[in-house]
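Take a look at the letters that make up each chain.
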Amino acid sequence: MEWEVVIGLEVHAQLNTASKIFCGCSTAFGAAPNTQTCPVCLALPGALPVLNAAAVDKAIALGLAVNAQINKRSVFARKNYFYPDLPKGYQISQYELPIVGKGTLTIALPDGREKLVGITRAHLEEDAGKSLHEAFSGQTGIDLNRAGTPLLEIVSEPDMRSPAEAVAYLKKLHALVRYLDVCDGNMQEGSFRCDANVSLRRPGAPFGTRAEVKNLNSFRFLEKAIEYEMERQQDILESGGKIVQETRLFDANKGETRSMRSKEEANDYRYFPDPDLLPLVFDEARIGAVRAALPELPDAKRDRFMQQYGLPAYDAGVLTASRAVADYYETVAVGVDAKMAANWVMGDLLGALNKAGLEMEGCPVAAEKLRILLQRIGDQTISGKIAKDIFELIFAEGGEVDAIIDSRGLRQITDSGAIAGLIDEIIAANPQQVADYRGGKDKLLAFFVGQVMKASKGKANPDQVNASLREKLKAGSQ
Amino acid sequence: MAFDAEAVIRTAHLARISLPAAEVAAVAEQLERIMEMVEALRNVPTEGVGSMAHPLDLEQPLRPDIAQNSDRREALMQNAPAARDGLFLVPKVIE
Ligand SMILES: [Zn+2]
């Protein structure tokens, strides 16, 4: 009998505010240690937190984007535990009354179907600092620049049933926070990180005991960690053992999860309302203002791309998976065949970026340049093949499309006299092939086209070459 | 309410207080009495009274999102028992 995996995810998204959640310290990444700290985020006695309005609005924006209930009254609570990178001895979080309640996120499955994943809640909290264990022997260094950076913890329902579904959910949420501009989504720097609750059960049976896997900072690690947990738990269950509810850490080097015994005793957090903070209360007008400022979201954009540009669902999905790619496409597609633009952006451009290990944000070919290049195909100035050469050149070295066409003499030959001249030369130089063609070997047409294109250095208009060749070869056979 | 030895030891551990074994019974006794005092609250009629997150009938004011603090690391670190290269130092944390 098969096992069914049950997965729920807790995502921590750092909100990209300029200042911390409860003080005026900068949140910029990479500053010298402890230079972005103050009495509030260092927990010096007498310092009091004051809530950042932008953190509130960004939480509301995410809530609206997942069709969630927005709680106009929410409460901050203390989550108590001791760790050196948590200066107060508690983390300010939200417990019983979070700012965002139940919502949903639609994910696209690998087989093309869609699935609705429930969102349990999303709450505001502060990040901890960083512990540097390697720097000094026998001691741990503490950098509190990150302490107090606003986090939105987004908790899903245990609705996912495969590693692929979990990855699809995480990717969708990742795209969403970047669309909304509430989080930079940088997984390497830890701005967007994920814990996975994983359990097994027989289909239809009640949920099994779960393990919580921490420290998942890439889509691949999430997939690997769940796969590892499925095997580990299956082995235990099938040998008659029991799963222990525990926190486990994913070791990316070994591709396995291991128990974090140190976390076990810490699970008694003794939450209580933080007396330093009053209840967070806002009105419908605040929600309305955030709603009015929301950008077009991925699902709506995909539907619009299908309508406005006549693209297939697959193309529209790829092009709207990130806001940067969607914006790029829309800049290219002005005055250019929409499907051709889609093929170029999805194929040549994303392929080249992938090969170069670049994100769209670091794309060396501006969208306006690609548009001009495609317009030159459209107006017959260059052939598609020459366009690919120019694209590669600009991607590698930069330069302007029209200047390259002129300086390198890449203009397409459309002059029928010139093309006829080239064809005559090729026919004269290949009497045997001409005889064979005329004798019925139709497939040789491709050979002649290739020869003419080669003689023109790829610049002859292929359609004209084709038509003219057929004409001339036919004419001679009569 | 029974505040037994196990609960005392667990609470002491959560609070990172080292409690000599000889004192556990006495502390349990004291905590028991404190709990009895708190228990008296149960006699207060709370029917129809909503839960209260804060005694003041006020709302949280919000601060505009401006990064305005300058680097005061040197001054702020003066209270630290140990620091080096701009980092606070603590006994090795083993994970
Ligand atoms: Zn601060």
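The structure presented is a predicted model; accordingly, all values stated were derived computationally and were not measured.

The rules behind the values
Residues numbered from 1 in each chain as written. Chains lettered and ligands numbered in written order. Predicted model: local features only at pLDDT ≥ 70, side-chain atom pairs only at ≥ 80, totals over all residues. Heavy atoms only, no water. Helix = DSSP H or I, 4+ residues; strand = E, 2+ residues; numbered from the N terminus. Rg over C-alpha atoms; globule rule 2.2 N^0.38 Å. Contact = heavy atoms within 4.5 Å. Areas by Shrake-Rupley, 256 points an atom, 1.4 Å probe, with all protein chains shown as cover. Buried area = accessible area lost by both parts, 1.4 Å probe. Salt bridge = Lys/Arg side-chain N within 4 Å of Asp/Glu carboxyl O. Nonpolar A, V, L, I, M, F, W, Y, C, P; charged D, E, K, R; others polar. Pairing = 2+ DSSP bridges. Donors = N, O, S within 2.8 Å, 3.2 Å for Na, K, Ca; no water. Tetrahedral: all angles 85-135°; square planar, octahedral: opposite > 155°, others 65-115°. Buried < 20%, exposed > 50% of the residue type's maximum accessible area, 1.4 Å probe, protein only. Domains from an automatic or database assignment. Phe/Tyr/Trp six-rings, centres within 6.5 Å; stacked < 30°, edge-to-face > 60°. Polar contact = N/O pair within 3.5 Å; in protein donor to acceptor, adjacent residues only side chain to side chain. pLDDT = per-residue confidence, 0-100. Axes fitted to C-alpha atoms, helices over the stretch in contact; angles between N-to-C directions.

Caption draft 1: Representation of the overall build of chain A. Scanning chain A from terminus to terminus reveals 16 helices and 16 strands. Scaling as 2.2 N^0.38, a compact globule of 478 residues should have a C-alpha radius of gyration of about 23 Å, whereas chain A reaches 30 Å, well beyond that. By principal-axis analysis of the C-alpha atoms, chain A measures approximately 100 × 55 × 50 Å. Counting only contacts in chain A whose residues sit at least 6 apart along the sequence, the fraction spanning at least 24 positions is 68%. Carbon and sulfur atoms provide 51% of the accessible area of chain A, an area that totals close to 21700 Å².

Caption draft 2: Quick peek at the interface of chain B and chain A. The interface is formed by 35 residues belonging to chain B together with 54 residues belonging to chain A. Counting the surface lost from both chain B and chain A, the interface buries some 4000 Å², and carbon and sulfur atoms represent 57% of this. There are one salt bridge connecting chain B and chain A. At the level of secondary structure, the elements contributing two or more residues to the side of chain B that touches chain A comprise helix 1 (5–14), strand 1 (62–63), helix 3 (73–76) and strand 3 (87–91) of chain B. Among the elements that take part in the side of chain B that touches chain A, strand 3 of chain B stands out by supplying five residues, more than any other. For the side of chain B that touches chain A, the residue count by class is 17 nonpolar, six polar and 12 charged. Relative to strand 3 of chain B, strand 9 (residues 139–143) of chain A is paired through four bridges, and the arrangement is antiparallel. Opposite Gly141(A), over in strand 3 of chain B, you have Leu89(B) as the bridge partner.

Caption draft 3: Geometry of the coordination of the zinc ion. All names here are of chain A. Here the zinc ion is held by Cys23 (SG), Cys25 (SG), Cys38 (SG) and Cys41 (SG), and the distances to it run 2.3 to 2.4 Å. The coordination sphere of the zinc ion comprises four donor atoms, whose angles at the metal cover 99 to 115°; the geometry is tetrahedral. Counting gaps between the donor residues of the zinc ion yields the pattern C-x1-C-x12-C-x2-C. Pair noted here: Cys25 is in the loop between strand 1 (4–14) and strand 2 (51–52) and Cys41 is in the loop between strand 1 and strand 2, with a separation of 16 residues, a long-range link. Looking at Cys25, the relative accessible area reads 1%, which means it is buried. Judged by its relative accessible area of 7%, Cys41 is buried.

Caption draft 4: The domain arrangement of chain A, seen in detail. Splitting chain A by domain gives domain 1 (4–290), domain 2 (318–407) and domain 3 (416–477). Placing a centre on the C-alpha atoms of domain 2 of chain A and another on those of domain 3 of chain A gives a separation of 32 Å.

Caption draft 5: Local environment of unusual backbone geometry. Residue and element names in this part refer to chain B. In this structure, Arg16 takes a positive phi of about 55° despite not being glycine. In this fold, Arg16 is placed in the loop between helix 1 and helix 2 (24–39). Located in the positive-phi region is Asp85, a residue other than glycine, with phi close to 50°. In this structure, Asp85 sits in the loop between strand 2 (83–84) and strand 3. Residue class for Asp85 comes out exposed when judged on its relative accessible area of 59%.

Caption draft 6: Geometry of the packing of aromatic side chains. All names here are of chain A. Enumeration according to the criterion identifies 12 aromatic pairs over all chains in this entry. Ring geometry for Phe22 and Phe76: centres 5.7 Å apart, planes at 80°, overall edge-to-face. Of this pair, Phe22 sits in the loop between strand 1 and strand 2 while Phe76 sits in strand 4 (residues 76–80), placing them 54 residues apart in sequence. By the burial criterion, Phe22 is buried, and Phe76 matches it. Summarising the aromatic geometry, the rings of Trp344 and Phe391 are spaced 5.9 Å apart at their centres and angled 75° between planes, so their arrangement reads as edge-to-face.

Caption draft 7: Spotlight on the side chain of Glu165(A). All names here are of chain A. Looking at where Glu165 falls in the secondary structure, it is placed in helix 2 (residues 163–179). For Glu165, a relative accessible area of 11% puts it in the buried group. Engagement of the side chain of Glu165 in a polar contact is seen with the backbone nitrogen of Arg161, the distance being 2.9 Å.

Caption draft 8: Layout of the sheet that holds strand 8 (residues 130–136) of chain A. Read across the sheet, four strands follow the order 8(A)-9(A)-3(B)-2(B) without closing on themselves; strand pairing throughout is antiparallel. Two strands in the sheet have a free side with no partner beyond their single neighbour: strand 8 of chain A together with strand 2 of chain B. As paired strands, strand 2 of chain B and strand 3 of chain B are joined by two bridges and run antiparallel to one another. Considered in strand 3 of chain B, the bridge of Ala83(B) is made with Phe88(B).

Caption draft 9: The arrangement of the confidence of the model for chain B in detail. All names here are of chain B. Summary statistics for chain B give a mean pLDDT of 89 and a share of 97% for residues scoring 70 or more. Mean pLDDT values for the elements of chain B range from 88 in helix 1 up to 97 in strand 1. Both scores are available for the predicted complex, with the pTM at 0.83 and the ipTM at 0.88.

Caption draft 10: Quick look at the sheet that holds strand 10 (residues 150–156) of chain A. All names here are of chain A. With respect to topology, eight strands assemble into an open sheet ordered 6-7-10-1-11-12-13-14, the strand pairing being mixed. On the outer flanks of this sheet lie strand 6 (103–108) and strand 14 (256–259), each paired with one strand and no other. Each adjacent strand pair in this sheet contributes to an overall mean axis angle of 30°, direction not counted. Relative to strand 12 (residues 211–216), strand 11 (residues 192–201) runs antiparallel, the two being bridged by four bridges.

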